[in-house]
Amino acid sequence: MPSTVTLHEISSKHLPEPVPYAVLAPREEGPMPLCLLLLGAGGTRDSLFDLQPVFDGWWAEGVVPRMIVATPSAGLDYYIEDPAGPLRWDSFLVSDFLHQLRSTWNASTHVVAGISGGGYGALKLAFLYPRVFTAVAAIQPMLEPGLCESDVGARNRLHHTAGGPPQLIGSARDPALWESNNPANRARANAQQIRDSDLAIYLEAAERDFLNAHDGAEFLHRVLWDLDVSHEYHLVRGADHGGPSMRPRLRALFAWFGSLWNPAQSNTAVEESAKVWLEAGMQGKPPAGATTTNAFIDFLRTRFEPIRAQAAQSDPATNRIFGRLPVPPLLP
């Protein structure tokens, strides 16, 4: 059945004005995941009307899981959290907005996703509150590469001309405020909480991004790698900051949520035939699909575990998810 889009408004002590928002939901009963979808500059709650037939199509095809999608109109606030000012978007989203949605909709879990400036907002929110959300996904997040404001060069300030809070965007911004909102810094500060919570992270960037936002995404990817924080990262060849690639990229993002909630199931018969073949010393032709089974992975891990243990005695990084890689020399 077709979905519905309803329009609402919410006031908060954390923001100076009421926030309009929209909720897109399938017409069915029962608990389902709740996704906060944060949009970039110029995106409003009305964008859910444009996305409604897209989600209806995806749901009808079964390629994207059914969920409740809620989108606030953030204007050009960049989802800033400014403790000294009137704009406290992190506090609003994680308390007032989520509370309002939970009181109205039957949510089984909470995830947050974002596009461009909304991707920036989604990442910094989830990294600050990794136990509130089970997953975060960002498409072409508007990130600047660096941990200190002084790290950011002109190449990665192109988007400043589009406007935003002057204390965050532009020549007069407060370096300390930018650094406290920076997703990379929040990941570093909360790395252990992120690991302990098992927050699922999806990071995606466009190779030809005309705002060079892919620089910041790559930087965050390397920060997460060095922190040994599990994440999925995609650099989409030929894609730009919007354009025709957006629909398939959005579909991939929301399908990724489905892979978390409905992971691929193993085939019992294939698992058993693979196990028999492995226990027999891998003699003869392997059964069809043998290398795609859990039995095959368990077999290899068992064989390599003593080798890994020995390697770990001289190199503790052996037991990390991600290795400690040498820094390549800088180009002239």
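Along every chain, residues carry numbers that run from 1 in the direction the sequence is written. The predicted origin of the model limits local features to residues at a pLDDT of at least 70 and limits the giving and counting of side-chain atom pairs to 80 or more, whereas totals for whole chains, interfaces and linings rest on all residues. Working from all heavy atoms in the structure, the side-chain values ignore hydrogens and water.

1. What about the pattern of salt bridges?
In step 1: Whenever Lys or Arg places a side-chain nitrogen within 4 Å of a carboxyl oxygen from Asp or Glu, that contact is recorded as a salt bridge. Under the criterion given, the structure shown has 12 salt bridges.
In step 2: In this structure, Arg251 engages Glu61 in a salt bridge whose closest nitrogen and oxygen atoms are separated by 3.5 Å. Of this pair, Arg251 sits in helix α8 (residues 246–261) while Glu61 sits in helix α1 (residues 47–61), and the two are 190 residues apart along the sequence.
In step 3: The exposure class assigned to Arg251 is partly exposed, which follows from its relative accessible area of 33%. Working definition: helices are DSSP H or I runs of at least four residues, strands are E runs of at least two. Numbering for both runs from the N terminus. Relative accessibility thresholds used throughout: buried, under 20% of the residue-type maximum; exposed, over 50%; partly exposed, between the two (1.4 Å probe, protein chains only).

2. As for helix α7 (residues 213–226)
In step 1: How far a helix is expected to stretch is found by multiplying one less than its residue total by 1.5 Å. The end-to-end C-alpha distance of α7, which contains 14 residues, comes to 20 Å, matching closely the 20 Å that a straight helix rising 1.5 Å per residue would cover.
In step 2: Buried residues of α7: Ala213, His214, Asp215, Gly216, Ala217, Leu220, His221, Val223 and Leu224, and no others.

3. Considerations on the packing of helix α9 (residues 268–279) against helix α10 (residues 294–314)
In step 1: Whenever a helix is involved, its axis is fitted only over the stretch in contact; in every case the axis is a line through C-alpha atoms, and angles between N-to-C directions fall within 0 to 180 degrees. Look at α9 against α10: their axes get within 8 Å of each other, and the N-to-C directions meet at 30 degrees. Our classification of the angle between α9 and α10 gives roughly parallel. Along its contact with α9, which presents Glu271, Lys275 and Leu278, the element α10 presents Asn294, Ala295, Phe296 and Phe299.
In step 2: Note that Gly is not counted as nonpolar here; it falls among the polar residues with everything else outside the nonpolar set of Ala, Val, Leu, Ile, Met, Phe, Trp, Tyr, Cys and Pro and the charged set of Asp, Glu, Lys and Arg. Here the residues of the contact of α9 with α10 are counted per class, giving four nonpolar, one polar and two charged. The scheme is simple: roughly parallel for angles under 35 degrees, roughly antiparallel for over 145, roughly perpendicular for 65 to 115, oblique for anything else. Residue contacts follow a heavy-atom distance rule, with two residues in contact if any of their heavy atoms lie within 4.5 Å.

4. Brief notes about the nonpolar core
In step 1: Counting residues in hydrophobic clusters, the biggest one holds 56 residues, and the most contacted among them are Phe97, Val112, Phe127 and Val136.
In step 2: No other element matches helix α2 (residues 89–104), which puts seven residues into this core.
In step 3: Not counting chain neighbours up to four residues away, the residues in contact with Phe127 comprise Val136, Pro183, Arg186, Ala187, Asn190, Ile194, Leu199, Ile201, Leu220 and Leu224.
In step 4: For this analysis, a nonpolar core means a set of buried residues of the types Ala, Val, Leu, Ile, Met, Phe, Trp, Tyr and Cys, connected via side-chain atoms within 4.5 Å. By size, the runner-up hydrophobic cluster in this structure holds 29 residues, among which are Trp58, Ala113, Ile115 and Ala137.

5. Structural notes on the environment of Pro130
In step 1: Tracing the sequence through the fold places Pro130 in the loop between α3 (117–128) and β6 (135–139).
In step 2: Using a relative accessible area of 3% as the deciding quantity, one classes Pro130 as buried.
In step 3: The spatial distance from the C-alpha of Pro130 to the C-alpha of Asn190 is 8.5 Å, given a sequence separation of 60 residues.
In step 4: The residues touching Pro130, leaving out its near neighbours within four places in the chain, are Gln193, Ile194, Ser197 and Leu199.

6. A short note on the side chain of Asp209
In step 1: Turning to its location among the elements, Asp209 is positioned in the loop between β7 (200–206) and α7.
In step 2: A residue counts as positive if it is Lys or Arg and as negative if it is Asp or Glu; His and the chain ends are not included. Among buried charged residues, Asp209 stands out as having no salt bridge; its nearest opposite-charge side chain is Arg249, 6.2 Å away.
In step 3: Two N or O atoms form a polar contact when they lie within 3.5 Å of each other; inside protein one atom must be a possible hydrogen donor and the other a possible acceptor, and for residues adjacent in sequence the pair counts only when both atoms belong to side chains. At a separation of 2.8 Å, a polar atom in the side chain of Asp209 contacts the main-chain amide nitrogen of Leu211.
In step 4: One polar contact links Asp209 to His241, side chain to side chain, over a distance of 2.7 Å.
In step 5: Ignoring anything within four residues of it in the chain, the contact list for Asp209 reads Gln140, His214, Ala239, Asp240 and His241.

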